[in-house]
Amino acid sequence: DAGITQSPRHKVTETGTPVTLRCHQTENHRYMYWYRQDPGHGLRLIHYSYGVKDTDKGEVSDGYSVSRSKTEDFLLTLESATSSQTSVYFCATKFRDLWTEAFFGQGTRLTVV
Amino acid sequence: AQSVTQPDIHITVSEGASLELRCNYSYGATPYLFWYVQSPGQGLQLLLKYFSGDTLVQGIKGFEAEFKRSQSSFNLRKPSVHWSDAAEYFCAVGASLGGGSNYKLTFGKGTLLTVNP
C-alpha cells in the first residue's frame, strides 16, 4: 500500500473555528488531492496540487484553502468551519506519469457542531 | 471541463448473476479512465484503468471494463458476482489541463451494489 497518512482520523469541532487536516505521503508522488465524500454526491474534488506550491481549485473549493510547502505534505484548512462541511475527507496521491492511478488515504471524519 | 456520470445510484443483483455498471464521461480528448471500489468504512481501491491500447481492460477480482470512444463510456462488467463484491463503485476520469502538468482527477457519484444470496 502507498504510504499515505491522514491526520486526524476523527475530529469534532465547533462552528466558526478553523480546522486543518493533514495528508502526509512517503511515496514522493507529484500529485495530491483533497476530496470530500457525502451521501448522494460521491467524491467531490476540493483542491489539488500538481507540485510544491502549485495548487488549483476543484469543484467545491469555497470555504477551503490548501498549502503544499514540501512534496510529502498537503494541508487542507477550513477557514471557519460550518455544519455543511461535516463530511468524510479523503486525500489521494499520484505519481507524476499521467497514466498512473491515484492512491487513497483512509479518510478523516469531520463533524462540525 | 471534464465530468463523469454514473447513471445508476443503486443496483441489486443475485449472487452468481452478471453485472454491468455504467459510466459516461465528458472530455474533449482521450481521457485516463479508472474504476475504484470502496467497501464500507474503507478507502478506495483501484479495480482497473485505461489510458491507451486495447479497449477491453482486465482488472482485479475478475472485473473488466470496455472503453467505447463513440459512446464516451467505460462500463464495468463481471460475469458472475460474489457476495463479497457488495460495495460502492466509482468511475473516475483524469485529464491534463492545457496539456501541461496540471492533472485533474474527477469522480462520479458512485453506484452502490447490493448482492442478494
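In this text, all values refer to a predicted model and were calculated from it rather than measured experimentally.

Visitor: Could you clarify how one ought to interpret the pairing of strand β3 (residues 19–25) of chain A in this entry?
Guide: Consecutive residues of a regular strand have side chains that alternate between opposite faces of the sheet. Residues and elements named next belong to chain A. Here β3 shows one buried face, formed by V19, L21, C23 and Q25, and one open face, formed by T20, R22 and H24. Pairing geometry for strand β1 (residues 4–7) and β3, over 4 bridges, is antiparallel. Its bridge partner lying in β3, Q6 is registered against C23. As judged from the 6 bridges shared by β3 and strand β8 (residues 73–78), these two strands associate in the antiparallel manner. Counterpart to R22 in the pairing with β8 is L75.

Visitor: Which parts of the structure should I look at to understand the state of the cysteines?
Guide: Note on terminology: disulfide describes a covalent bond linking the sulfur atoms of two cysteines. All names here are of chain A. Taken as a whole and assessed by the stated rule, the structure comprises 2 disulfides over all chains. Each sulfur of the disulfide joining C23 and C91 lies 1.9 Å from the other. Residues C23 and C91 share a disulfide whose torsion about the S-S bond is about -70 degrees; that sign makes it left-handed. Residue C23 is located in strand β3, and its partner C91 is located in strand β9 (residues 87–94); the two are separated by 68 residues in the primary sequence. Take C23 and C91: they sit in the same class, and that class is buried.

Visitor: Sorry if this is basic, but what is going on with the side chain of Q25(A) here?
Guide: Along the polypeptide, Q25(A) turns up in strand β3. Setting aside residues up to four positions removed in sequence, Q25(A) forms contacts with G3(A), I4(A), M32(A), R68(A), T71(A), E72(A) and T93(A).

Visitor: Just to check I follow, could you spell out unusual backbone geometry for this structure?
Guide: For residues other than glycine, phi is negative in most cases, and the peptide bonds are mostly trans. Put simply, S7(A) and P8(A) share a cis peptide bond, and its omega is -10 degrees. Mapped onto the fold, P8(A) is located in the loop between β1 and β2 (10–13). If you check the backbone angles, S72(B) has positive phi at about 50 degrees while not being a glycine. Of note, S72(B) is situated in the loop between β8 (64–68) and β9 (73–78).

Visitor: Where do I start with the pairing of β9(B) in this structure?
Guide: Residues and elements named next belong to chain B. Counting buried residues along β9, 5 of its 6 residues qualify, which places the element largely inside the surrounding structure. Taken together, the 5 bridges between β8 and β9 define a ladder with antiparallel strand orientation. From the neighbouring strand, E66 faces β9, where its bridge partner is N75. What sits between the antiparallel neighbours β8 and β9 is a turn of 4 residues, in which S72 has the positive phi angle 50 degrees.

Visitor: Please clarify how the interface of chain A and chain B should be interpreted in this entry.
Guide: Note on interface size: it is often stated as the accessible area lost on association of the parts. Listed per partner, the contact involves 23 residues of chain A and 22 residues of chain B. Counting each side, the surface lost to burial between chain A and chain B is near 2,000 Å², with a carbon and sulfur contribution of 57%. The three residues of chain A that bury the most area against chain B are L43(A), L98(A) and W99(A), which together make up 27% of that side's buried surface. The tally of links from chain A across to chain B stands at 1 salt bridge.

Conventions used here
- Residues numbered from 1 in each chain as written.
- Chains lettered and ligands numbered in written order.
- Predicted model: local features only at pLDDT ≥ 70, side-chain atom pairs only at ≥ 80, totals over all residues.
- Heavy atoms only, no water.
- Buried < 20%, exposed > 50% of the residue type's maximum accessible area, 1.4 Å probe, protein only.
- Helix = DSSP H or I, 4+ residues; strand = E, 2+ residues; numbered from the N terminus.
- Pairing = 2+ DSSP bridges.
- Disulfide = S-S within 2.5 Å.
- Contact = heavy atoms within 4.5 Å.
- Buried area = accessible area lost by both parts, 1.4 Å probe.
- Salt bridge = Lys/Arg side-chain N within 4 Å of Asp/Glu carboxyl O.

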